[in-house]
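Fold and geometry: a report
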Amino acid sequence: MEYLSQFEELKAKNLSLDLTRGKPATDQLDLSAALDSIDINDYAFDQVDLRNYGLLKGLSECRELGSEILGCAKDYVWAGGNSSLTLMSQYLSYLCIQGIGDGPWSSEERVSILCPVPGYDRHFVLTENLGLNMISVPLNGNGPDLDTIKSYLESDHSIRGIWCVPKHSNPTGETYSKSTIEGLIDIFSRTRKKSLIFWDNAYAVHDFVESEPLEDIFSIAKEKGEEDLVIGFGSTSKITYAGSGIGFIALSELNQELYLPYYSSCLIGPDKLNQFRHVKFFQENDLNQHMSKHAELVRPKFELVQKWLEGQSYGSWTNPTGGYFVLLKTNPGLAKRIITLSNELGLKITPAGSTHPYGVDPQDEYIRIAPTACSLEELDAAMEALVCCMGLAHQENLNI
Ligand code: PMP
């Protein structure tokens, strides 16, 4: 009964709290405020007028910044507009419309993409919107389970790619090990030609405590002669401004050649003024030091989430060393109920199921917590409410 009375007390407070999206908080955005006062008094740069069309692949120095963030050689990287998700969407649309030398994916009866789970909801929505089939693959703490991938690839010829968030994965927080990366390349190159690894390195430099490093997949793939397998993505969304940063795509020379005509039909040139500002900003601010400032701001929030979860006795959860999420695993069948109860208290949580393709978490057990966007005080109140709802849902389940 104790949770029920606490629930009623919290309800009376008419809370309005939000743990849904992995967004930087205002103080994090403020770390990059100097971007806005960068003086551009000479628009001639990289042999173009920054204000004009042109330089489709982005400013050379900005591509270099992208390579530093993504941890791969500069030659692979193009610097685009403000969002890596847009670059993913454009690239996958290109595969559906044109394909990579063996016809458009859309002309095939069924094209499937492997989706490591729990995973990033927007990958799943994008894939579904493009009419592609999704097949879940379990993550095992060091990346996706290679035996499962191998058996799927051997038995299902419709599989043409896999989504990966290799560092501080959204939402499990795990980082892919070197042997997982090697295994992925070996399995895909052996069993399926013209298939792709979509390497969404959104949290490449987002450690808030010392973290396991991520190996450069492009170097490993190159050594094996398989660079064409990998399409990399990343952005400065959680480095500078989430809405006005720079997105990057990384591709082999052959993939660049194949993709360029399609890409050039979508735009005449990226926003080079913003790219220039980013170049200047990171000439004056060391990237690692800048990320340490983010870490100082987000670490207390992750510690607070751990404190609340450790203070109760239900479920299990991740304790990430970077990225933007904590993943809570409840007893099977309780995630939806906990989220419904939280919503009743005025606490928004990402809908149950969003961690899985088609919005279906088969065991109804995962809840994604995104603690960065709110203040510490709001987070404290949100976690109190969430923990109360967890207790209440578990009690209801036991019919106490
Ligand atoms: N990929 C992943 C794994 C993400 O978590 C996010 C943001 N939540 C994005 C991509 C979006 O990136 P961008 O802002 O560059 O579009």
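Structural data are supplied above this passage.
Keep in mind that this is a model prediction, so the values were computed, not measured.

1. Some points on the sheet that holds strand β12 (residues 326–329)
With antiparallel pairing, three strands are arranged side by side in an open sheet as β11-β12-β14. Looking at the sheet topology across the chains shown, the edges are occupied by β11 (316–317) and β14 (366–369). As paired elements, β11 and β12 share two bridges and run antiparallel to each other. In the sheet register, Trp317 faces β12, and the bridge partner there is Leu328. On the sheet, helix α11 (residues 287–310) packs against β11, β12 and β14 and is oriented at approximately 15° with respect to β12.

2. Looking at the packing of aromatic side chains
Each aromatic ring pair is summarised here by two numbers: the centre-to-centre distance and the angle between the ring planes. Tallied over the full model, the rule gives 17 aromatic pairs. With 5.9 Å between their ring centres and 10° between their planes, Trp78 and Tyr259 make a pair best called stacked. With Trp78 in strand β4 (residues 77–79) and Tyr259 in helix α9 (residues 253–266), this pair connects stretches of sequence that are 181 residues apart. The residues Trp78 and Tyr259 share a single accessibility class, namely buried. One aromatic cluster is present, formed by Trp78, Tyr91, Tyr94, Tyr259, Tyr262 and Tyr263 through successive ring pairs. Over the ring of Tyr43 we find Arg51; its NZ or CZ atom is 3.9 Å from the centre of that ring.

3. As for the side chain of Gln28
You can see Gln28 is positioned in helix α2 (residues 26–30). On the accessibility criterion, Gln28 (1% relative accessible area) is buried. Sequence-distant contacts of Gln28, that is, excluding residues within four places in its chain, are made with Lys23, His294, Leu297, Val298, Tyr324 and Thr372.

4. Some points on unusual backbone geometry
Omega for the peptide link from Val117 to Pro118 comes to -5°, which places this bond in the cis form. Assignment of secondary structure puts Pro118 in the loop between β5 (112–117) and α5 (121–129). Residue Pro171 is reached from Asn170 by a cis peptide bond, and omega for that bond is 5°. Secondary-structure assignment places Pro171 in the loop between β7 (159–164) and α7 (178–191). The backbone of Leu55 shows a phi angle near 50°, a positive value even though the residue is not glycine. Structurally, Leu55 is set in the loop between β3 (48–49) and α3 (60–70). Even without being a glycine, Tyr358 presents a positive backbone phi close to 60°. Structurally, Tyr358 can be placed in the loop between β13 (347–348) and β14.

5. Details of the side chain of Ser189
Within the element layout of this structure, Ser189 appears in helix α7. Engagement of the side chain of Ser189 in a polar contact is seen with the backbone oxygen of Ile185, the distance being 2.7 Å. The contact partners of Ser189, leaving out residues within four places of it in the chain, are Glu226 and Leu229.

6. Quick word on the site of the ligand
Around the ligand, the structure places 13 residues, and the nearest of them are Ser84, Asp200, Tyr203, Ser235 and Ser237. One of the side-chain nitrogen or oxygen atoms of Asn170 is found 2.9 Å away from an oxygen atom of the ligand. The side chain of Ser237 places a nitrogen or oxygen atom 2.6 Å from an oxygen atom of the ligand. In isolation the ligand has 410 Å² of accessible area, and contact with the protein removes 90% of it. The leading source of residues in the shell around the ligand is helix α4 (residues 84–97), at three residues. When the residues that make up the shell around the ligand are grouped by side-chain class, the tally is six nonpolar, five polar and two charged.

7. A look at the sheet that holds β5
Spatial strand order, β4-β10-β9-β8-β7-β5-β6: seven strands in an open sheet with mixed pairing. Of all strands in the sheet, those bounded by a partner on one side alone are β4 and β6 (133–138). Neighbour to neighbour, the strand axes of the sheet diverge by 20° on average, direction disregarded. In this structure, β5 lies alongside β6, joined through six bridges in parallel fashion. Bridge assignment links Val117 to a residue of β6, and that residue is Pro138. Packed on one face of the sheet, helix α6 (residues 146–155) meets β5, β6 and β7 and runs near 150° to β6.

8. A word on the pattern of salt bridges
Summed over all chains, the structure comprises eleven salt bridges. Asp156 serves as the salt-bridge partner of Arg110, at 2.9 Å between the closest nitrogen and oxygen. Taken together, the residues Arg110 in the loop between α4 and β5 and Asp156 in the loop between α6 and β7 connect sequence positions 46 residues apart. Judged by relative accessible area, Asp156 falls into the buried class, the value being 15%.

How each quantity is defined
Residues numbered from 1 in each chain as written. Predicted model: local features only at pLDDT ≥ 70, side-chain atom pairs only at ≥ 80, totals over all residues. Heavy atoms only, no water. Pairing = 2+ DSSP bridges. Helix = DSSP H or I, 4+ residues; strand = E, 2+ residues; numbered from the N terminus. Contact = heavy atoms within 4.5 Å. Axes fitted to C-alpha atoms, helices over the stretch in contact; angles between N-to-C directions. Phe/Tyr/Trp six-rings, centres within 6.5 Å; stacked < 30°, edge-to-face > 60°. Buried < 20%, exposed > 50% of the residue type's maximum accessible area, 1.4 Å probe, protein only. Lys NZ or Arg CZ within 6 Å of the ring centre and 35° of its normal. Polar contact = N/O pair within 3.5 Å; in protein donor to acceptor, adjacent residues only side chain to side chain. Near = heavy atom within 4 Å. Areas by Shrake-Rupley, 256 points an atom, 1.4 Å probe, with all protein chains shown as cover. Nonpolar A, V, L, I, M, F, W, Y, C, P; charged D, E, K, R; others polar. Salt bridge = Lys/Arg side-chain N within 4 Å of Asp/Glu carboxyl O.

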